[in-house]
Each structure stands twice: as C-alpha cells, then as structure tokens.
Amino acid sequence: MPDAVTDVVTGQPDAGWRRPDRRLLVLRRSTVWGLVALPGVVVAAALGVLAGPAEAVAALLLAGSLTGLLLVGVQRRWAAWGYLEREDDLVVRRGVLIRRTTVVPYGRMQFVDVTAGPLDRRLGIATVTLHTAAPATDAFVPGLLADEATRLRDKLAALGEARQAGV
Amino acid sequence: MTAPPAEDRAPTTATDPPWERLHPLTPLLRGGRLVVLGLVVVGQQGLRDPSALGTPMLVLLALGVPLAALVGYVSWRRMRYRVTATELQVESGVLTRRSRRVPLARVQAVDVVRPFYARVLGAAELRLEVVGGGDAEAPLAFLGDDEALRLRTRLLDLSSGRVAGGEGEEGQALPAPEPERVLVVVPTAPLVWSVLLGPPLVALAVTVAATLVAALISVQAVLPLLAGALPILLGVASMAARRLLSEYGFTVAESPDGLRLRHGLLDTRSQTIPAGRIQTVRVLEPLLWRRFGWVRVEVDVAGYGGGSQEQAATGALLPVAPRALADQLVARVLDGPLPTGRSAPPPRARWRAPLTVRRLGVVLDDRHLVTTSGVLTTTTDVVPLSKVQSLRVTQGPWQRRWRLASLHADTAGRRLVGGVAAHRDADDAAALLAEVTRRARAARRR
C-alpha cells in the first residue's frame, strides 16, 4: 500500500518494495492471543465462578473486542513495513499511526546489526538495523527470514564499504 | 617550560618517533584542587582551634602527602604518548595499563584547555574530539604551553593530510604554530547584557512581581516567598556567571588548521575545528534580544558533547553578535553563501502548531538545507547537505488529518542533530525528501 510519500520517493508505485516475512505477523498475532486473549478468558472464567455469569460475559466481550482491535492493528502495522534497495540508498517505511519513511545512503552506514530474540529464532526470522553516525537515524527492518537478513546485511556492508564517505 | 626528555627505554621502530612524557608538574596540577582543599580545611581548623593541629593532623600530613606524591609520580612515569604518521598513541595506567591508538583521520576537533591553576604554571590540556567518542577520546593533561600548541598543529596537519608525518626528529616534526587571522572579537559589554537579558532578567522580574503581589495580600508572606525564591535566583545567577566566565573574550579566528575559537576568563579554552568538520550550525534569537538585533550562533561537530558537562556547556561559535555579522560568519565557516528566503508551511499547519507556525520555514540550495522554528527563541538550523546521514519523513495522526508531514535531515552532531522542516504539505514533504536526497548525493560526491 504505497502512500503519497513513498510514491514520490520511488518515482513509481510499487517499485520493488520488500516486506517482512509473514512469520512476523504470525509472531505478533500469537503475542496478542497469548498476552491478551488468553488472560481475558482466564479472568472471565474466574469472574464466572466468583461473581456471576453477567460479569463473565462482560469480561469476555471486553477481552474479545480488545483482541480484535489489536489483531487489526498488528496486521496493519505488519503491512505498513517495507524496504526498498535503490541504487544509492536504502529506503525503509513503517508505522500506521505515525508513518515514517527513512532514506539512508549506503555510504553513510557505519555498521549493520542482525538481531534475533528467542521467539524470532524459533520462527527463523531476524531484525536488520542500520546505524549511521547520526544518533537520530532509525532504520531497521524486523521479521526478515534468516537468509534474507544475511543477504541484506552482507549487501549493505559491501555497498557501505564501497561508497564510504567521511563523516 | 620545555617538554621532558623522551624515554629511550621505550621500544621504537626506525620510523616511529620516541615516546614523550607529560608536563612534570602534572601530578601537582591534577591533584591541585585536592591540595588546595586540604590546605583550606587544615587552615580553618588551625584558625579556629590551634591545638587541633596536634598529632593526628601531623600524622595524616606525614603519611598522606608522600603517598599522594608517590602515586602521582608513578602515574606520571607510566603515562606516555607519541604521534606517528597516522595515530596518536597514549599509554597510561598504574595497575590497569591502558594503551590507546587514536586514528588521526578521525579527529574532528582539537581543543587546548587551560584551567586557571594550570595557566599560572604555564601548562595546558590537549583534547581530541573523535567520531564515536562520547568523551574526549584522548585528553593529554597536562602539557607545557608551547608543547601543547606545537602538538596541536602537528595533529591537525596530520589529520588533514597536509603534512606527511612520521619521519625526522622532533624538532622538524613539530613545526611552529601557524599564524591566524582574527575574524571577530566579542566585546564584553554586549556579552554581559546578552547573558543578563535571559533567564536572570526573567527570574528577577518574576520574583519582584510575586513579591509585590504577596505584599498586597499579606506582608507576612513576603519573607517566606523570598526565602523560597533565593535558591532559584542563586542557581540562575551561577549559570549566568558560568556562561560569562566561559565565553568572556570570545575570539573567532581563521588559521591554516581551521576555525579557531578562543574564550574564557579564568579557565581558557582554544578550540580548533578543521575545515569541513561542522555538522550543523544553529542561529538562536531569543525574544529579549530581538530589539537589539542580536543572535547567538552554535556549531556542532561529530564527537563533541555527549560527554562531560564541560563540553556540553560549550558549542558557541558566537555568543552574541548582530545578525548581519553572524550571517556573514556562518556563510564563511560553511564555505559558501546561504540560501535566502524561505518557504512557509501551508496556513492549515496552524492547526498542528498554532504557536510556531509563523516561524516555520525551509529553504534549500545545492549545498545547504536551512530550517527555522521556535516560539520565544527563533531558531535557524543550517545543515550542510554533504553532512546529511539520513533523511526521514514522519507523519503523526493529527498531521495526517491536515495532510501535513515533517522532513528531518539527520547529521552526526551530538547536541545539534540536524534540521527539521516541520509541518509541510504532505506532497511537498515527499517532493522535498526526493529533492534533498538527490542534492545530498551530489554534495557528497563533490
């Protein structure tokens, strides 16, 4: 879903934007189920025993609607992620509520990080983070398959070295 | 004072120069404050009650002074440095040895700092600002005055690649400091006024007003109010005094090494910023200065600030100057005229930034991005396009409601992190992003 900003950046809509893998969405969704829906059901059950059926139903409705909202939010956030490798720079876009588009010239990259938490590793995904000399740069892409993360890291490192400009 | 003789015990290859020592009075200078403090304490005790200067005090003195002297001497003996063609090498430490290699190509600025007590003894501290170093990467404290200046010239020459280093004896390797041309000297009177026309005046006015109101309501309330206001007033006054002491006699000069800033009344500091190291320039125009037409100019290089307070307090390129002079100087240090005029955000931006919208603006040319903002203090940020590290367009929900977006140009400065063209029309912001990206690429290759 290219918005106005990214359209102008690329000069053409959908010019090869890549996305995080679907496994990231699976991970985010299971986090919502595990941390919101499941506790909601437990609380509802406890209320049903301790207070009464009306309270249990209310708790279920609350947990259900919250879960629904979060699932939609997670889906949209996942869909908003995108990165584009251009000739001279990497463009990363993200965010639903606050939309951000970041352009990082390859020559400005100081180092590249690939990180993966325990859940990420189980799913075989990783986050690639680009660091420049500017503290404000916030370019990172989560949910890349291990191979893609490695490829991106190596490509960025190679291009960064080839085009390194002094600070 | 001359530099102590080089240590011949050190392993040196044929090309590397010999190791050198710091100023022999370094232990005294470093421990100087402690010594003074100790003397004051002892002196006070002695004045109040001479009998207290009995055996315990003497024992303390007899043990403490030689011990401190020994530690100071050993750490001085262990600290040594040398400059090769590509690096500054520093070795130090008594129990934990530390060996540091600072690549000279990464040097962003060199400061010669002279605390008051060091000035008295003709000594100075040399600080190197390096990319990625939160604190000064390699403070050499203390060197003899002449040695500090010679070393500064040498380091700056090597870091800019103007002199191929490494060969020759010390005498040839360290050329005499080159002459500099003074561009601006800030007179004392405007400096004092400019400092007073800020927090001190506001704090005083608020206190007087509050006292008057309190006096009208109840006379008894006046004294507690003043007692409460006193610490705040003192705090404001001490900040103002510190600023005055630090920025007194501010001199901007141009030397072959780069831009040189000298300032300070008691503790003096001489900063040298080689050409092309400035990441961001900020021009500030506080409300109270407006009728005098004064502005303050700050600069940032990669590596400055972020460390000790001492560094965070500096950063001025001009503490106070008329607008025209400031603009001239900024154009000079950024190597080229700045673009004039500015493009304002669409009128609907007032729904997002009602107070600042009148001041928001951006203008771009082939070399610079200039953005303005600010409510009480008008702030202008100048970002050289060749220093842009990344570009961002952000759009919050309320901005989206009004089809606005902000463009951020990030630089490697620590306090001044770049410029923001805030609350542009969303399509404008996107176009600006594409345009700045293109021009920054061209500027990098130039």
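Our structure's up above, just so we're on the same page.
Let us look at the structure shown here. Note that the structure is predicted; figures quoted are calculated from it, not measured. Numbers given to residues run from 1 along each chain, matching the order in which its sequence is written. Written order determines the labels here, with chains lettered from A and ligands numbered from 1. Where local features are concerned, this predicted model is filtered to residues with pLDDT of at least 70; where side-chain atom pairs are given and counted, the filter is 80 or more; whole-chain, interface and lining totals use all residues.

**A short note on the sheet that holds strand β3 (residues 87-92) of chain B**
Residues and elements named next belong to chain B. Pairing is antiparallel in the open sheet, where 4 strands are placed in the order β1-β2-β3-β4. Every interior strand has two partners, whereas the edge strands, β1 (20-21) and β4 (98-103), have only one. Here β1 runs beside strand β2 (residues 80-83); their pairing, made up of 2 bridges, is antiparallel. If you follow Glu-20 over to β2, its bridge partner there is Tyr-81. Two strands are said to pair when DSSP picks up at least two bridges between them. Secondary structure follows DSSP: runs of H or I at least 4 residues long count as helices, runs of E at least 2 residues long count as strands, and numbering of each begins at the N terminus.

**Considerations on the sheet that holds strand β5 (residues 125-132) of chain A**
All names here are of chain A. Taken together, 3 strands build an open sheet; the order of strands is β4-β5-β6 and the sheet is antiparallel. Strand pairing shows two members of the sheet lacking a second neighbour, β4 (109-115) and β6 (139-145), which therefore form its edges. Adjacent strand axes in the sheet meet at a mean angle of 20° when their direction is disregarded. Alignment of β5 against β6, held across 5 bridges, turns out to be antiparallel. Bridge pairing in β6 links Leu-130 to Ala-139. Axes here mean lines fitted to C-alpha atoms, for a helix over just the part in contact, with angles spanning 0 to 180 degrees between N-to-C directions.

**Section: the pairing of strand β1 (residues 82-85) of chain A**
Residue and element names in this part refer to chain A. In this sheet, strand β2 (residues 89-94) lies alongside β1 in antiparallel orientation, the contact comprising 4 bridges. If you follow Gly-82 over to β2, its bridge partner there is Arg-93. Counted along the chain from β1 to the antiparallel partner β2, the turn is 3 residues long.

**Comments concerning the interface of chain B and chain A**
A common way to state how big an interface is: give the accessible area lost once the parts meet. Taken together, the contact pairs 27 residues of chain B with 26 residues of chain A. Element by element, the count of residues in the side of chain B that touches chain A is highest for helix α13 (residues 426-445) of chain B, at 9 residues. Of the pairings in the sheet, the one linking strand β3 (residues 99-105) of chain A to strand β18 (residues 390-395) of chain B comprises 5 bridges and is antiparallel in character. Across the sheet, the residue bridging to Thr101(A) is Val393(B), located in β18(B). Any residue pair is listed as a contact if its two C-beta atoms, each placed from the backbone, are within 7 Å.

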